[in-house]
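Here is what each chain is made of, one letter per residue.
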Amino acid sequence: MQFRLYPPALQGKGEFDGGAIVEQKPIGFPREGSAVKRIGPLFYWAWAHAPREGFIDSHPHQAFEIVTYVIQGEAHHGDSLGTQSVVGPGGAQVIQAGSGVYHNERLVGPDAEIFQIWFEPSIRDALRRDPTYRQYEDARFTRTEREGAVCKKVIGEGSPIALVADANMWDVRIESGAQYVHEFQAGRSLALLAVRGEGSIASLPEGSGDDSEQHAARTDFKHRDFVVADAESGRSLIIRSGGGEALRAILIEVPARVDYPLYPKRN
């Protein structure tokens, strides 16, 4: 297995509200500078920061399933469905845009920090559904702990968030010197973004045990790096925290291929 490493220089950039909101984009829109254009149904991923406050005026969406996940600060939301909401740290909001919806966004700091992530279901089918908005507070998400690692399930089985698109997402915190083992199934793709700290990711052949040092591959990564892997066969992935601070990483896993047409994303 090979891991593809994309430092910030190979990720896209964007801004809103005269620079009040700035974005690093592991997966951006065309002409935004992202080396990664999409990963299966994972269509877009922006990491937005607002030192104080920033506003994005009303704009439309259709079909896509759009997840906003708050790391720090608050995400304020209003939409054409009549929603007015505020999501705090650790919380999430999900727009299933369906036949169409307008919304606006405000990031409120100090040092507000959010992810906005777009997943692509079958667009033809999604356009036949009514748009929906749902909100999830941090306390609704389950966490598992094991030897210095805490794993929060954000999307997928075991989470309150279930999308139409096939996707799983985890928010993982690993103490310095500790490790987290992720079971990676064949035919899937995994994306990792280092939100805090630094570390390494290594793969083991299926069934070799998580204490084996015979890693088939290992890649070191730093804060803000983006790592992508594809599994041709089942693997255990070992993610280790390095350096003097805890590692916090967001993991998203999707199928490498889907059985419906994907929107053509031009360069």
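Above this text is the structure in question.
For clarity, every value in this text was computed on a predicted model and none was experimentally measured. (Residues numbered from 1 in each chain as written. Predicted model: local features only at pLDDT ≥ 70, side-chain atom pairs only at ≥ 80, totals over all residues. Heavy atoms only, no water.)

**What about the overall build of the chain?**
Along the chain, the regular secondary structure elements total 1 helix and 20 strands. Here the C-alpha atoms of the chain give a radius of gyration of 18 Å, agreeing with the 18 Å that 2.2 N^0.38 yields for 267 residues. Its C-alpha atoms give the chain principal-axis dimensions of roughly 55 × 40 × 35 Å. Buried positions account for 54% of the 267 residues belonging to the chain. A total accessible area of about 12100 Å² is found for the chain, and carbon and sulfur atoms account for 46% of it. Side-chain charges of the chain comprise 29 positive and 36 negative groups, with the mean position of each set lying 5 Å from the other. (Helix = DSSP H or I, 4+ residues; strand = E, 2+ residues; numbered from the N terminus. Rg over C-alpha atoms; globule rule 2.2 N^0.38 Å. Buried < 20%, exposed > 50% of the residue type's maximum accessible area, 1.4 Å probe, protein only. Areas by Shrake-Rupley, 256 points an atom, 1.4 Å probe, with all protein chains shown as cover. Lys, Arg positive; Asp, Glu negative; His and termini not counted. Charge placed at Lys NZ, Arg CZ, Asp CG, Glu CD.)

**Comments concerning the pairing of strand 15 (residues 188-196)**
Along strand 15, 8 of the 9 residues are buried, which leaves the element largely enclosed by surrounding structure. In this sheet, strand 18 (residues 226-230) lies alongside strand 15 in antiparallel orientation, the contact comprising 5 bridges. Looking across to strand 18, one finds that L190 is bridged to A229. (Pairing = 2+ DSSP bridges.)

**Considering the packing of aromatic side chains**
Here the structure, examined in full by the defined rule, presents 13 aromatic pairs. Between Y6 and F226, the ring centres sit 6.3 Å apart and the planes meet at 45 degrees, which makes this aromatic pair tilted. Pair noted here: Y6 is in strand 1 (residues 3-6) and F226 is in strand 18, with a separation of 220 residues, a long-range link. Among the residues examined, Y6 registers a relative accessible area of 16% and is labelled buried. By relative accessible area, F226 is classed as buried at 0%. Grouping aromatic residues by their ring pairs yields a cluster made of F29, F43, Y44, F64, W118 and Y263. When the ring centre of F43 is taken as reference, the NZ or CZ atom of K265 above it lies at 4.2 Å. (Phe/Tyr/Trp six-rings, centres within 6.5 Å; stacked < 30°, edge-to-face > 60°. Lys NZ or Arg CZ within 6 Å of the ring centre and 35° of its normal.)

**What to know about the sheet that holds strand 11 (residues 143-146)**
Strand order in this open sheet of 7 strands is 1-18-15-20-13-12-11, and the pairing throughout is antiparallel. The strands lining the two open edges of the sheet, one partner per strand, are strand 1 and strand 11. If you compare each strand with its neighbour and ignore which way they point, the axes differ by 20 degrees on average. Pairing between strand 12 (residues 149-155) and strand 13 (residues 168-174): 6 bridges, direction antiparallel. Note on strand 13: the bridge partner recorded for V150 is R173. (Axes fitted to C-alpha atoms, helices over the stretch in contact; angles between N-to-C directions.)

**Details of the pairing of strand 8 (residues 92-96)**
Residues in a regular strand point their side chains to alternate faces of the sheet. When you tally the buried positions in strand 8, you get 5 out of 5 residues, the bulk of the element. Relative to strand 8, strand 6 (residues 65-79) runs antiparallel, the two sharing 5 bridges. Among the inter-strand pairings, V67 is bridged to a residue of strand 8, identified as V94.

**Looking at the nonpolar core**
Among the nonpolar cores identified, the biggest contains 32 residues, and I39, L42, W45, F115, F119, F226 and I252 are the most heavily contacted of them. Among the secondary structure elements, those contributing two or more residues to this core are strand 4 (42-50), strand 6, strand 8, strand 9 (101-119), strand 12, strand 15, strand 18 and strand 20 (247-255). (Core = buried A, V, L, I, M, F, W, Y, C linked by side-chain atoms within 4.5 Å.)

**A word on the environment of S58**
Looking at the secondary structure, you find S58 in strand 5 (residues 53-61). Sequence spacing of S58 and H103 is 45 residues, and the spatial spacing of their C-alpha atoms is 4.9 Å. Not counting residues within four places of it along the chain, the set of residues in contact with S58 comprises Y102, H103 and N104. (Contact = heavy atoms within 4.5 Å.)

**A few points about the pattern of salt bridges**
Per the stated rule, a full pass over the model turns up 14 salt bridges. For the salt bridge of D138 with K152, the shortest nitrogen-to-oxygen distance reads 2.6 Å. Note that D138 is positioned in the loop between strand 10 (132-136) and strand 11 and K152 in strand 12, a separation of 14 residues in sequence. The exposure class assigned to D138 is partly exposed, which follows from its relative accessible area of 25%. A salt bridge links D166 to R188, with the shortest nitrogen-to-oxygen separation between them at 2.8 Å. Here D166, found in the loop between strand 12 and strand 13, pairs with R188, found in strand 15; they are 22 residues apart in sequence, far enough to count as distant. One continuous salt-bridge network, built from bridges that share partners, spans E23, K25 and E32. (Salt bridge = Lys/Arg side-chain N within 4 Å of Asp/Glu carboxyl O.)

**Notes on the side chain of H77**
Within the fold, H77 resides in strand 6. Under the relative-accessibility criterion, H77 is labelled buried at 2%. At 2.7 Å, the side chain of H77 forms a polar contact with the side chain of D79. Excluding residues that lie within four positions of it along the chain, H77 makes contacts with T83, Q84, S85, Q93, I95, H103, N104 and Y133. (Polar contact = N/O pair within 3.5 Å; in protein donor to acceptor, adjacent residues only side chain to side chain.)

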